[in-house]
Amino acid sequence: MPAVTQLIPNFLGGVSRQNDDKKLLGQVTECINGYPDPTYGLLKRPGMKHTAVLKKANGTAFTKSELDGASWFFIERDAAGSYIGAIKGANIYVWTAADGTWCTVTNNASSYLTGTTKNDYHFRSIQDTTIITNKTITAAMQASGTYIAKSVATLKLNTLVETYVYTVTIQHVEASVTSQNSTTFDDMLLYDSGSVNTNHHLVDKIKEIIEAQHTAGNADFAGRWYLEGYPDSLVIKRSTGANAVITDYSAVTGTPVAFDIDAKGGLNNVAIEVFQDDVSDVTKLPLESFGGHHVTVSNTTNAEDDYHLQFIAYDSTLNRGRGYWEETVARDVSPGLNASTMPHQLENTGALTFAFNTIPWEARQAGNDVTSPLPSFIGKKITTTFFYSNRFGLLSQDNVFFGVANDSYNFFVKSALTQIASDPIDLNVASIRPVTLSDVLPSPQGLMLFSERQQFQVLATDSSTLTPTTTIIRALSNYEMAPNISPVDVGVTAAFINRVPGYSKLFSLQLRDVEQNPIVVDISKVVLEWLPDTIDDLSVSPQNSAILLIDTNTSYLYLYRFYNNGEKDLFQAWTKWQLPGTIQSAKIINDSVVIISQHEDEYTIGNIILDEIPTGSSEVGATSISGNTCLDMATRPVKPHSSVNAVVYDTTNEVTKIYTPYTPIQQKEAIMLLSIPEADVGLPAAVDADAGFYLTATERTEIGTGYHYFEVKGDYTSYADGIVIGYGYDFEVTLPKFFYKKRDSITSDYTATLTISRVIFSIGRTGPILFKVKAGGSDEWKNVEYVTDANTYIADSSPIAQEHQFTIPIHQRNTNFELKVTSNFPYPVSLVSMTWEGIYSPRFYRRT
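Notes on the structure in this doc start here. Remember, it's a predicted structure, so these values are computed and weren't measured experimentally.

So, how was this worked out
Residues numbered from 1 in each chain as written. Predicted model: local features only at pLDDT ≥ 70, side-chain atom pairs only at ≥ 80, totals over all residues. Heavy atoms only, no water. Helix = DSSP H or I, 4+ residues; strand = E, 2+ residues; numbered from the N terminus. Rg over C-alpha atoms; globule rule 2.2 N^0.38 Å. Buried < 20%, exposed > 50% of the residue type's maximum accessible area, 1.4 Å probe, protein only. Contact = heavy atoms within 4.5 Å. Areas by Shrake-Rupley, 256 points an atom, 1.4 Å probe, with all protein chains shown as cover. Lys, Arg positive; Asp, Glu negative; His and termini not counted. Charge placed at Lys NZ, Arg CZ, Asp CG, Glu CD. Pairing = 2+ DSSP bridges. Axes fitted to C-alpha atoms, helices over the stretch in contact; angles between N-to-C directions. Core = buried A, V, L, I, M, F, W, Y, C linked by side-chain atoms within 4.5 Å. Phe/Tyr/Trp six-rings, centres within 6.5 Å; stacked < 30°, edge-to-face > 60°. Lys NZ or Arg CZ within 6 Å of the ring centre and 35° of its normal.

Section: the overall build of the chain
In step 1: Counting its secondary structure elements, the chain contains 3 helices and 66 strands.
In step 2: Relative to its length of 848 residues, the chain is extended, with a C-alpha radius of gyration of 40 Å against a globular reference of 29 Å.
In step 3: Expressed along its principal axes, the backbone C-alpha trace of the chain runs to roughly 130 × 75 × 45 Å.
In step 4: The 848 residues of the chain split such that 52% are buried.
In step 5: Counting contacts in the chain only where the partners sit at least 6 residues apart, residues at least 24 apart contribute 60% of the total.
In step 6: Roughly 37,500 Å² of accessible area belongs to the chain as shown, and the carbon and sulfur atoms make up 48% of that amount.
In step 7: Separation of charge centres in the chain, based on 62 positive and 91 negative side chains, amounts to 10 Å.

Structure representation (structure tokens):
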């Protein structure tokens, strides 16, 4: 029965749900409030500093009911700072993430906020604008345009030959003139009663015919007629109103009225022609006309080659005469998107001001429903918006739509005549499975699309630029994922959540070459059934190699952390964080976990800085805390009123009142920690001789004033400049059963007899810790005292050792006990490694 010893080199394996004899060295059974770090070992997570209570414009705090069930979102910005937002009912609220300052939101589109659950909205922030999508609203177009067909006619002279007879038939009544001159078209068309024989002016002849029909009471000619002469054409318009013929280019009044017209003249009757709403080709259009004159060019009988033109006059004042024909949209189709049914924008208009408005979507510029088809999302619900490859896009059911390149809010073609590279891209993810696209992630290989059962990739076939002719979609993988949890980008891989009955899974997806299948790994396999099925959000910090899984409406966050040296992952670890209050939302922003939580009857912002590892002392300023204070909701005392100090001694009850900015949690004991004020760093600090000393504190509310404070026995007013108040939290690491492993082997010898004599922990910068043992068959954890070695410490300092070894006597069979390392003190913990010593017997069998 040889005496053996075995080293556990680190505790960076995190939680494992495998049997203890299958666990790898460094894996543990449970880890609460731990933070694996490749340099310092398994740390007690940094404390959550209190940032602010969420308040209204008038300074009163929001109550639980006022924001209950709100849809929370974050606006991440670097230099300008970040913001926290919430939608509750038809209201939008925004606060600064740094200090919780109220921001004014001008809500000009409250009717769009009809969602009833937090999953009814999608948020996409780009620079100063956050696109908010209500996933319950069906996208629609504006009402189609209307016009009175055949209410405008254009007579166009093609040739002018002396003695040619030109006949115009209006409402079945003919008006004929014989040309007396072949010099200019003006002689035939312009109204000029003194130049030549007016009987030979076509415009005069038509005027005479119409006036004669008015006199005769012919109903086919009722209304106002407008004759506009141009060098090579005559425009005739008709509208409702008193019978009249107007030839002075007056603005048309009344409602347009249709009329019939025909024209012939000259050789083969082609010297003059007439058109009303359309022409067969563009050469038949006159050189001059009135501004806004709309004509359809039909080309052939095929509707797909039709296009529409309107006349633009150079003289914008007269709005007629010389100009040019410009492509436009058909008059009888919708002019564009109905902005009230489309995603809206929350725009940052100032440091503390926002405006919520409809997005100014570009109007339809050309074509009709055939040549400029409606986007595929019309009549459907939009689930997600995104920006990619200089295009603004969105997802709707099984379609992905990219708008015009470099024109964010334009979803229509530039021209019905030809397709260009910048035109919109409208694609469908053809699949044999039902698909509803839920989110996107950009990648170097293309845009990844995610749905509940399948993943796809959008890419260009022959270039890096997406165009309507080169863009395709290919299937990537067939994994189920939670559609309401957005996937995240973890540096070079993507991560997404899969929910199954009773628990959740976390998958990573790494793309390879375009023609190769991606690598998809279940990175939560080691903690199977440990992640609850109530996980409803993800946040990521690529620079810290960390993924945060958020379980809102509970007190738990789940952290997955890894470290890659460029070739492989040196460790992958799972741990669970427990926070005070009920988590509403959380986000990693610039190495800090910003947490919105609810406790008592208010909401607070908290902040956990991931890089606050145990390398220095905790220091306090007038209102701030720096360093790694291991307290949750840690805060400096605050003055409840200008006439009341933040720290007050009650001589009657002999207690110190420490006023707080938030409502203390009832029946939860707090901790008062005396830290080192920043002003005293490096200097003698007479009032801080007990730096690092702490006392438990009891929550109280001052009757009559409503002020909240913590109460500590004794007088500590002289230490007010170094007081930090907050809640302690438990750091717990439950170790697996110990089994002997042969050198360079991952296999445990679970058939041998092993008696553990003692366990020796090597720790880094650590305060007081406790070791607890639970006997086999018992539910009670009992403290076990470690062997105390003679040592020294610096007087009047925090009880923190920079390096130390704890020897824990055990003397138990390895299967007869469980060991746990705990710390509920407001000091850091750093578990580096562990060695156990014992008696090992292979039961006289030779191990091969």
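Text resumes after the structure shown.
Details of unusual backbone geometry
In step 1: Despite not being glycine, S389 has its phi angle at roughly 55°, a positive value.
In step 2: Looking at the element boundaries, S389 is found in the loop between β29 (384–388) and β30 (391–396).
In step 3: The phi dihedral of N590 is positive, around 50°, even though this residue is not glycine.
In step 4: As for its placement among the helices and strands, N590 is situated in the loop between β45 (582–589) and β46 (592–599).

Overview of the environment of Y709
In step 1: As for its placement among the helices and strands, Y709 is situated in strand β56 (residues 708–713).
In step 2: According to the relative accessible area criterion, Y709 is buried, its value standing at 7%.
In step 3: For the pair Y709 and V647, spaced 62 residues apart in sequence, the C-alpha to C-alpha distance is 9.2 Å.
In step 4: Those residues within four positions of Y709 in sequence are excluded, and the remaining contacts are K657, I658, Y659, T660, P664, T698, E699, R700, T701 and E702.

What to know about the sheet that holds strand β28 (residues 353–358)
By definition, the strands of a sheet pair up through backbone hydrogen bonds, in either a parallel or an antiparallel sense.
In step 1: Strand order in the open sheet formed by 8 strands is β8-β9-β10-β11-β28-β27-β13-β12, with mixed pairing between adjacent strands. The sheet is open, and its two edges are formed by β8 (71–75) and β12 (121–126), each paired on a single side. Adjacent strand axes in the sheet meet at a mean angle of 25°, parallel and antiparallel pairs treated alike.
In step 2: When strand β10 (residues 91–96) meets strand β11 (residues 102–107), the two strands line up antiparallel, connected through 2 bridges.

Here's the deal with the nonpolar core
In summary, soluble globular proteins display a tendency toward joint burial of nonpolar side chains.
In step 1: I547, L549, V759 and F761 are the most contacted members of the largest nonpolar core, which has 53 residues in total.
In step 2: Looking at this core, the element that brings in the most residues is strand β61 (residues 753–763), giving 5 residues.
In step 3: In this structure V759 touches F738, F806, T807, I808, I810, L819, M834, T835 and W836, once residues within four positions along its chain are discounted.
In step 4: A546, I550, I583 and M672 belong to the second largest nonpolar core, which has 34 residues in total.

What to know about the packing of aromatic side chains
Geometry of an aromatic ring pair is reported as the spacing of the ring centres plus the angle between the planes.
In step 1: Inspection of the entire model under this criterion finds 47 aromatic pairs.
In step 2: For the ring pair Y560 and W574, a centre distance of 5.0 Å and an interplane angle of 45° mean the geometry is tilted. With a gap of 14 residues between them, Y560 in strand β43 (residues 556–564) and W574 in strand β44 (residues 569–578) connect regions that are remote in the sequence. Like W574, Y560 is buried.
In step 3: Ring pairs connect the aromatic residues W361, F377, F387, F392, F401, Y409 and F411, which therefore count as one cluster.
In step 4: Across the ring face of W577, the terminal group of R45 is positioned such that the distance to the ring centre comes to 5.8 Å.
In step 5: A cation sits over an aromatic face here: K576 above Y556, 5.1 Å from the ring centre.

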